[in-house]
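Notes for the structure review
Residues per chain, in single letters:
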Amino acid sequence: MSIVDTPRSDGRVSIPEETTRDVAARRALTIAGVVPHALVTPSTRAALATCVRDAAAAGTAVVPLGLGAHRALGHRPARYDLALSTRALTRIVDYAPADMTVTVESGVTLAALQGVLAREGQWLPVDPPLPEQTTVGGLIAADLAGPLAASQGRVRDLVIGTAMTTADGKEVRAGGRVVKNVAGYDLMKLMIGSLGTLAVVTEATFKVRPRPQTTRLLVLTCADRTAALALASRLAELDEVALAITLLDDGDTSPTWQCLLGGVAADVDVVTTRIRAAARAASATVAYDEDGAAPPAAARLAVARDVSRTAADVVVRAATLRTRVVDLAVAMRASVDDGARVRARVDPRAATVTLALETADAGAAIARLRAVAAGHGATLVVERWPDALAATIDVWSPLPPALPLMRRVKAALDPAGVLAPGRFVGRI
Amino acid sequence: MSIRRPLADADRDELRRALVAIVGDDGVLAEPADLRVYECDGYTLERSVPTLVVLPRTTDEVARVVCLAASAGIAFVPRGAGTGLSGGCLPAEAPLMIGTSRMRRIRMIDLPNRRVVAEAGVVNAMVSRAVRDAGLQYVPDPSSQNACTIGGNVAENSGGPHTLKYGVTTNHVLGVELVLPDGEVVELGDAIEGTVGYDLTGVVCGSEGTFGIVTAATLRLTPLPEAVTTMLAVFETVAAATTTVSRIIAAGIVPAALEMMDRTIVAAVEAAYHAGFPTDAGAVLLIELDGPAAGLPELTTRVVDICRDADARSVRAAADDAERAALWKSRKRAFGAVGRLAPSYCTQDGVVPRTRLPEILARIERIGVRHRLRIGNVFHAGDGNIHPIILFDERDREETTRVLAAGHEILEACIALGGSVTGEHGIGIEKIRELGLSFGIDDLAVMQRVRAAFDPARRANPGKIFPTGAACIEQRTPRRQAAM
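Bear in mind the structure is a predicted one, so any value in this text is a computation, not a measurement.

1. Examining the overall build of chain A
Within chain A, the secondary structure is distributed over 13 helices and 20 strands. Computed over C-alpha atoms, the radius of gyration of chain A comes to 22 Å, within 12% of the 22 Å expected from 2.2 N^0.38 for 428 residues, which places it in the range of a compact globule. Taking the principal axes of the C-alpha coordinates as reference, chain A spans close to 70 × 55 × 40 Å. With 428 residues in all, chain A has 59% of them scored as buried. Within chain A, contacts between residues separated by at least 24 positions form 71% of all contacts whose residues are at least 6 apart in sequence.

2. Brief notes about the overall build of chain B
The helix and strand tally for chain B stands at 16 helices and 20 strands. Its C-alpha atoms give chain B a radius of gyration of 23 Å, within 12% of the compact-globule value 23 Å for 484 residues. In terms of overall dimensions, chain B has C-alpha extents of about 70 × 60 × 40 Å along its principal axes. Relative to its full complement of 484 residues, chain B shows a buried share of 58%. Contacts in chain B between residues at least 24 apart in sequence constitute 74% of all its contacts with a sequence separation of at least 6.

3. Focus: the interface of chain B and chain A
Counting from both sides, the interface comprises 68 residues of chain B and, opposite them, 67 residues of chain A. Listing elements by their share of the side of chain B that touches chain A, those giving two or more residues are strand E9 (185-189), helix H7 (200-204), helix H8 (238-250), helix H10 (296-309), helix H15 (432-438) and helix H16 (441-454) of chain B. Taken together, the residues of the side of chain B that touches chain A break down into 30 nonpolar, 26 polar and twelve charged.

4. Some words on the sheet that holds strand E5 (residues 106-110) of chain B
Residue and element names in this part refer to chain B. Pairing in this open sheet of five strands is antiparallel, and the strands run E5-E6-E10-E8-E9 from one edge to the other. For this open sheet the edge positions go to E5 and E9, each flanked by a neighbour on one side alone. The average angle at which neighbouring strand axes cross in this sheet is 15°, direction not considered. As paired elements, strand E8 (residues 173-179) and strand E10 (residues 213-220) share six bridges and run antiparallel to each other. Its bridge partner lying in E10, valine 176 is registered against alanine 217.

5. Things to note about the domain arrangement of chain B
Residue and element names in this part refer to chain B. Domain assignment breaks chain B into domain 1 (1-223 + 429-468), domain 2 (227-337) and domain 3 (342-425). With centres defined by C-alpha atoms, the gap from domain 1 to domain 3 works out at 28 Å. Listed as interface residues are twelve residues of domain 1 and, on the opposing side, twelve residues of domain 3. Looking at the side of domain 1 that touches domain 3, the elements with two or more residues in it are helix H6 (163-166) and H15. In terms of residue class, the side of domain 1 that touches domain 3 is made up of five nonpolar, five polar and two charged.

6. Describing the nonpolar core
Core analysis: the largest hydrophobic core is formed by 289 residues, its most contacted members being B:Phe76, B:Ala233 and B:Val284. In contact with B:Val284, other than residues within four places in its own chain, are B:Leu232, B:Ala233, B:Val234, B:Phe235, B:Met261, B:Val266 and B:Phe277.

7. Comments concerning the sheet that holds strand E4 (residues 96-99) of chain B
Residues and elements named next belong to chain B. In space, the four strands of this open sheet follow the order E1-E2-E4-E3, with mixed pairing throughout. Each edge of the open sheet carries a strand with a single partner, namely strand E1 (28-29) and strand E3 (76-79). Running at roughly 10° to strand E2 (residues 52-54), helix H1 (residues 9-23) makes contact with E1 and E2 of the sheet. Relative to the sheet, helix H3 (residues 59-72) contacts E2, E3 and E4, its axis offset from that of E4 by approximately 170°.

8. Section: the packing of H8(B) against helix H13 (residues 357-370) of chain B
Residues and elements named next belong to chain B. At a closest axis distance of 9 Å, the pairing of H8 and H13 adopts a crossing angle of 155°. On the basis of the axis angle, H8 is roughly antiparallel to H13. H13 is crossed by H8, and the crossing has right-handed handedness. Contact residues: H8 offers Val238, Ala239, Thr242 and Val245, while H13 offers Leu357, Pro358 and Leu361. In terms of residue class, the contact of H8 with H13 is made up of six nonpolar, one polar and no charged.

9. Overview of helix H13 (residues 403-413) of chain A
Those residues of H13(A) not exposed but buried are A:Leu405, A:Met406, A:Val409, A:Lys410 and A:Leu413. Summarising the axial view, the buried residues of H13(A) lie within an arc of 145°, below the 170-degree limit, and thus occupy one face. Next to the buried residues of H13(A) lie helix H6 (187-191) of chain A together with E9, H7 and H16 of chain B.

10. Considerations on the environment of B:Val168
Relative to the helices and strands, B:Val168 is located in the loop between H6 and E8. Among the residues examined, B:Val168 registers 28 C-beta atoms within 10 Å and is labelled buried. The spacing of B:Val168 and B:Ala457 is 289 residues in sequence and 30 Å in space, taken between C-alpha atoms. In this view, B:Val168 contacts A:Lys180, B:Pro140, B:Asn157, B:Ser158, B:Gly159 and B:Thr163; residues no more than four positions away in its chain are not counted.

11. Let's talk about the environment of B:Thr301
Residue and element names in this part refer to chain B. Relative to the elements of secondary structure, threonine 301 occurs in helix H10. With 10 C-beta atoms packed within 10 Å, threonine 301 lands in the exposed category. With 224 residues separating them in the primary sequence, threonine 301 and valine 77 have C-alpha atoms 50 Å apart.

12. Quick look at unusual backbone geometry
Following A:Ser397, the chain continues to A:Pro398 via a peptide bond in cis, the omega torsion being -10°. For A:Pro398, the location among the structural elements is in the loop between strand E20 (396-397) and H13. With phi around 50°, B:Asn157 is a residue other than glycine that occupies positive phi space. Located in the positive-phi region is B:Glu208, a residue other than glycine, with phi close to 55°. Tracing the backbone through its elements, the reader meets B:Glu208 in the loop between H7 and E10.

13. Looking at the pairing of E5(B)
Judged from the four bridges that link them, E5(B) and strand E6 (residues 115-119) of chain B form a sheet pairing that is antiparallel. Residue pairing for E6(B): B:Asp110 is matched across the bridge by B:Arg115.

14. Observations concerning helix H3 (residues 110-118) of chain A
Buried within H3(A) we find A:Leu110, A:Leu113, A:Gln114 and A:Leu117. Seen from one end, H3(A) has its buried residues packed into an arc of 100°, which puts them on one side.

Calculation criteria
- Residues numbered from 1 in each chain as written.
- Chains lettered and ligands numbered in written order.
- Predicted model: local features only at pLDDT ≥ 70, side-chain atom pairs only at ≥ 80, totals over all residues.
- Helix = DSSP H or I, 4+ residues; strand = E, 2+ residues; numbered from the N terminus.
- Rg over C-alpha atoms; globule rule 2.2 N^0.38 Å.
- Buried ≥ 20, exposed ≤ 12 C-beta atoms within 10 Å, placed from the backbone.
- Contact = placed C-beta atoms within 7 Å.
- Nonpolar A, V, L, I, M, F, W, Y, C, P; charged D, E, K, R; others polar.
- Pairing = 2+ DSSP bridges.
- Axes fitted to C-alpha atoms, helices over the stretch in contact; angles between N-to-C directions.
- Domains from an automatic or database assignment.
- Core = buried A, V, L, I, M, F, W, Y, C linked by C-beta atoms within 7 Å.
- Parallel < 35°, antiparallel > 145°, perpendicular 65-115°, else oblique.
- Left-handed = near helix turned anticlockwise from the far one by under 90°.
- Arc of directions from axis to C-beta.

In structure tokens form, the structure reads like this:
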């Protein structure tokens, strides 16, 4: 493991005033074994802009972060001089419940935002792991929709405006605060999933939705993996009331389908009946049926029990077409050697398979999984991997055919390559 | 620097021969009578006849045409069906127009994975028609859906009346095939959720043809709702109708559509179509709920109660599909009916947060009074997307000047209330000046930098969206016709 623990003294690195070189604070933001030389936490957007401008002018590499909860995603930064955290930008800028829009600074945590929205009977229908440690900026930069995405849309469907600081230290805007708007380019889309490589998001406006009037959680226990996967296509056909449908298969206990329903009570009843019928036909047991009492947030832990947060060496997520997801899940599982401990999550509507492995040979396991994914026309993201692989790993595969165009977009917005260099697809 | 003005005769003939070699004799239009068809789109106040129109049949032909234009340094403008409302395909600064009207294939229908791949020239409504028997639909349904094309929809990020619940075009486009201005064909996005890399599909949607030419798109299909209820609620005042809109949203109900017409428009619609609208009412709301069948009666009851609490004179639900279709026909053809009220009319497209609807309507009324103009309103109330229609006589130059001033003031008012200068019609050539109301110089500079990543020489649809020295276009007369 290569720990870079001391600030460089070559004079090229410009560290702004509001910084800390506190070792513990910096180590907390280690990425793939690399510790930043300094951490800066601007308390205003103006200070953030100045910080980015000065850093860029000095050629200092800046990695934008919120609380760092999802920083394992992406390549090891080519340079990691300065960790720039938006965590102090925590203003709720504008919330108009009757407009179903909310504008917040990017350091607001998802949990805090959901708390504000809940008081008005609304929610942002995303459900990534660790909402208390996930900032709005992180939600956007890492594109973290979670298991609700198949029914509620992804982050790209919810963001209607952003403010962002570009590498030249200017805060610019795109979109707005209204739900329908085609003035100017949709630069919000570029920010989503870009891991801070194009600009630092400082503010975002979201479309929000009313919380479902009724929610209900059903857990189906299946005899074995084959029986569980046989239910996938039936459950995938459920209508908009089925908020999240997830298969959890941790290898130790029986595989379970977790179905979070929400909507008008009569509709929830109908879908509950359908799920129970499907379960009977597949000899699955309804292990748990919690009616109404729990709002979505409480049901989340059960539904989204996130395999990527277990003590795994490797976490991969593959995405494919709906019709291929069961075959993909079976093949990925089969590619893992017998000695490895495996947890799996399958979303039959988003057509994603997530595997978490504890394995002695991570490199070989990843290579096999990559080959399986390619064989099924799937994309694969290696969400977690041992630091030893940092120099050689391809986090994303296959690389998109438009990668040269993506490099041009990066060069257009960050010509000096100072924002999260090397973190993104193709080590952009 | 690219060639943006009409070509010299010799160059024109040479280009024509080269284009014919690519697409055949019947794929190149060069006669004045043929070219005149392409002098404008649905925005008719500016006209400019292209030097040549080329109509490729395949992506490969588009790529070769664009390559040819690139090597000659000639700017081009893409065009679908020409139903755009902001002059997006006006060939003012590009001699060569590339039309997609011969690219009408649906390349693939994949029902189990709920997607289609449609070429740019496929008419919007044809997509839903092709999959309806399987219980699926392509949701975005602009009012011009029987004419407008998928390529144009992607370029403009088109809306329509059902965006409140379902979103706009960008929310339903999974990927695009794009011919870059240097002739390279790139595939952006994918049919799966795990697309790798920057979301270039997302930024191409709504780029108004300035990134190249979209030749095909992978579109998401959505199951048809199990049940639909369409209601007509009649109110004494506009204020009561807008209050109802806010209360429905506040009650946690998200209708599929929430459309409003004021007295001026209702009178025109009734005179034209005799659909039984009360001509003395202040405003009517068209409310559509859809979703699973079991819960719909309850939602319907709640919406009816909200309307009654807001002193609706009457609320009635369409009894069957025929009645529902009649209500929508009246709404979608409202613009046609307006022609009965005045010799000319001009439609604006602006957005405010939906809670500011009463305020923007009051401001519009004041603007109308101040400029001595009659203004009607028919709009997507649920989205806060207004479409004020200014009635006038374009033969009256002095009145026409007042119409232009009023239109600009309405958009300024939208911005003052926290909104946008366009919800679904685009900037095109019409609103270049107004774009500056929404964005500052730095914002626009970043957008231009992104554009340069796709089109460094600015040969794809130059003179649109952004203010440039070469594109200083002044509005002289407001447009006569408009639709949504």
